[in-house]
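# Notes for the structure review
Chain by chain, the residues:
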Amino acid sequence: MMPQANEGDEASRSNRPPQQASSRSLFTVPAPIKQLFDQFPLCTYPNNELPQRAPRDRDTHVLYVFASDTQALRGAPSYNPACLKWQAYLKFSNVEYRLAAANNHASPSGALPFLIPASPEPYKHIQPVPSGKLQRWAINNSKKAIEEPEDLRYEAYLSLLDHRIRRAWLYCIYLSSNSTSIAEPLYILPASSNPFVRLSIARELRLAAEQELLKFSPVIFADALYNQAADAFAALETLLGKDDWFFGASGPGLFDASVFAYTHLLLDDKLGKGWLDTRLRDALMSRKRLTTHRNRVLNKYFPEQS
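Residues numbered from 1 in each chain as written. Predicted model: local features only at pLDDT ≥ 70, side-chain atom pairs only at ≥ 80, totals over all residues. Heavy atoms only, no water.

Identification of the protein chain as Mitochondrial outer membrane protein from Paraphoma chrysanthemicola is taken from an unreviewed UniProt entry.

### Looking at the pairing of strand 1 (residues 61–65)
Of all 5 residues that make up strand 1, 5 are buried, and the element is covered over most of its length. Judged by which residues are buried, strand 1 turns out to be covered on both faces: H61, L63 and V65 on one side and V62 and Y64 on the other are all buried. Note: strand 1 against strand 2 (residues 97–101), 5 bridges, orientation parallel. Bridge pairing in strand 2 links V62 to R98. The pairing of strand 1 with strand 3 (residues 114–116) spans 3 bridges and is antiparallel. Bridge assignment links L63 to a residue of strand 3, and that residue is L115. (Buried < 20%, exposed > 50% of the residue type's maximum accessible area, 1.4 Å probe, protein only. Helix = DSSP H or I, 4+ residues; strand = E, 2+ residues; numbered from the N terminus. Pairing = 2+ DSSP bridges.)

### Some points on the nonpolar core
Ranked by internal contacts, the top residues of the largest apolar core, which has 82 residues, are F246 and F255. If you tally residues by element for this core, the top one is helix 6 (residues 154–175), at 14 residues. Contact partners of F246, with chain neighbours within four places excluded, come to L236, L239, L240, F255, D256, V259, L290 and H293. (Core = buried A, V, L, I, M, F, W, Y, C linked by side-chain atoms within 4.5 Å. Contact = heavy atoms within 4.5 Å.)

### With respect to the packing of aromatic side chains
Per the stated rule, a full pass over the model turns up 15 aromatic pairs. When the centroid spacing of 6.4 Å and the interplanar angle of 70 degrees are considered together, the rings of W169 and W275 count as edge-to-face. With a gap of 106 residues between them, W169 in helix 6 and W275 in the loop between helix 10 (254–266) and helix 11 (279–285) connect regions that are remote in the sequence. No difference in accessibility class separates W169 from W275, as the two residues are buried. Every member of this aromatic cluster is reached through a ring pair, and the members are F66, Y79, Y174 and Y187. When the ring centre of F302 is taken as origin, the NZ or CZ atom of K91, which lies over that ring, is 5.1 Å away. (Phe/Tyr/Trp six-rings, centres within 6.5 Å; stacked < 30°, edge-to-face > 60°. Lys NZ or Arg CZ within 6 Å of the ring centre and 35° of its normal.)

### Overview of the sheet that holds strand 4 (residues 129–130)
Across the sheet, which stays open at both edges, the 4 strands sit in the order 2-1-3-4 with mixed pairing between neighbours. Only two strands of the sheet have a single partner each, and these edge strands are strand 2 and strand 4. Two strands pair when backbone bridges link them, and strand 3 and strand 4 are joined in this way by 2 bridges, in the antiparallel orientation. Residue L115 lies in a different strand from strand 4, and its bridge partner there is V129.

### Some words on the side chain of N80
Structurally, N80 can be placed in the loop between helix 3 (69–74) and helix 4 (81–92). Engagement of the side chain of N80 in a polar contact is seen with the side chain of Y187, the distance being 3.1 Å. Look past the residues within four positions of N80 in its chain and what remains in contact with it is F66, Y187 and L265. (Polar contact = N/O pair within 3.5 Å; in protein donor to acceptor, adjacent residues only side chain to side chain.)

### Some remarks on helix 8 (residues 195–213)
In this model, helix 8 (19 residues) spans 27 Å end to end at C-alpha, consistent with the 27 Å of a helix rising 1.5 Å per residue. Among all positions of helix 8, only I201, A209, E212 and L213 are buried. Along helix 8, the residues classed as buried sweep out an arc of 105 degrees about the axis, all on the same side. Residues of helix 8 that are exposed and point more than 90 degrees away from the buried face comprise F196, L199, R203 and E204. (Expected span 1.5 Å × (residues − 1). Arc of directions from axis to C-beta.)

### Considerations on the packing of helix 6 against helix 10
Where helix 6 contacts helix 10, the two axes come as close as 11 Å, and the packing angle between them is 25 degrees. The angle between helix 6 and helix 10 falls in the class roughly parallel. The element helix 6 and its partner helix 10 pack so that their crossing is left-handed. The segment helix 6 lies against helix 10, with Y154, Y157, L158, L161, I165, R166 and W169 engaging L254, F255, S258, V259, Y262, L265 and L266. Per-class residue counts for the contact of helix 6 with helix 10 are 12 nonpolar, 1 polar and 1 charged. (Axes fitted to C-alpha atoms, helices over the stretch in contact; angles between N-to-C directions. Parallel < 35°, antiparallel > 145°, perpendicular 65-115°, else oblique. Left-handed = near helix turned anticlockwise from the far one by under 90°. Nonpolar A, V, L, I, M, F, W, Y, C, P; charged D, E, K, R; others polar.)

### Re the pattern of salt bridges
Opposite charge on two side chains permits pairing when their charged atoms draw close. This structure, assessed with the given rule, holds 9 salt bridges. Linking K215 and E212 is a salt bridge whose minimum nitrogen-to-oxygen distance equals 3.1 Å. In this structure K215 comes out as exposed when scored by relative accessible area, which is 61%. The buried category is assigned to E212, whose relative accessible area is 17%. The closest approach of N and O atoms between D244 and R296, which form a salt bridge, is 3.4 Å. Here R296 lies in helix 12 (residues 288–301) and D244 lies in the loop between helix 9 (222–240) and helix 10, a separation of 52 residues in the sequence. Relative accessible area serves as the criterion here: at 24%, R296 is assigned to the partly exposed category. Here the salt bridges do not stand alone but share partners, grouping R166, E212 and K215 into one network. (Salt bridge = Lys/Arg side-chain N within 4 Å of Asp/Glu carboxyl O.)

Here's what the structure looks like:
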């Protein structure tokens, strides 16, 4: 038999106030911990200073290229054709910018050049402009956009630069004797003081050049590369004719910048420690109209270097 409830107990329970719902939630800080942290109030520190190499004057566009710090400060032409091409094109487009020395590891895309547009706020994130988008960016941000010629021959002649002349350049700089007089002082020695790192970089550069050239031929023949480049220079000189700019344009455009990027460097006596293998350079020096075109660009757009 179940025990009977005591009447006194029932009355006692009936007189109790209803149980209060717990006010503690999942995110409530326990009292001992709260008391501890109350003694250490939150302190907000100011933003860290920008690195010393970071641009301070953010109201100017910054173009990152292969160059020494001294060359970048002077705005001198880059010693890399891909960088010099866009450096010249931005000048043609009347876009004001300043140079900054960099390397491929500093580039968001893994290749130079790239541009950081101006920003009035030093800490505001600005999307970099890679080289593949620089022409469109320049058109949208220049005071007077360049009108490129609508010539059916444009792509055919551009392929001479992108293939024949570029392939000869790769061999000339990275695989010939110029690798020690030009590639080494420009690309390898500034990268590191460690001899093993330098040796690794030299091997990577040479291997990359070889792999690029082997895409077009199972065997690399220096004479064939130089002869093809010489024919390309002859075709470009015929295309230029007696005009100041290619395709008879009233001013220089992207094609002029592409040509200048190679002709200027090949004619530069001070590139690296000097030219040992001069075959590609000699093929250009016999083309007087192309050398005149190079000097015209240099005098007008890089007057401090002419």
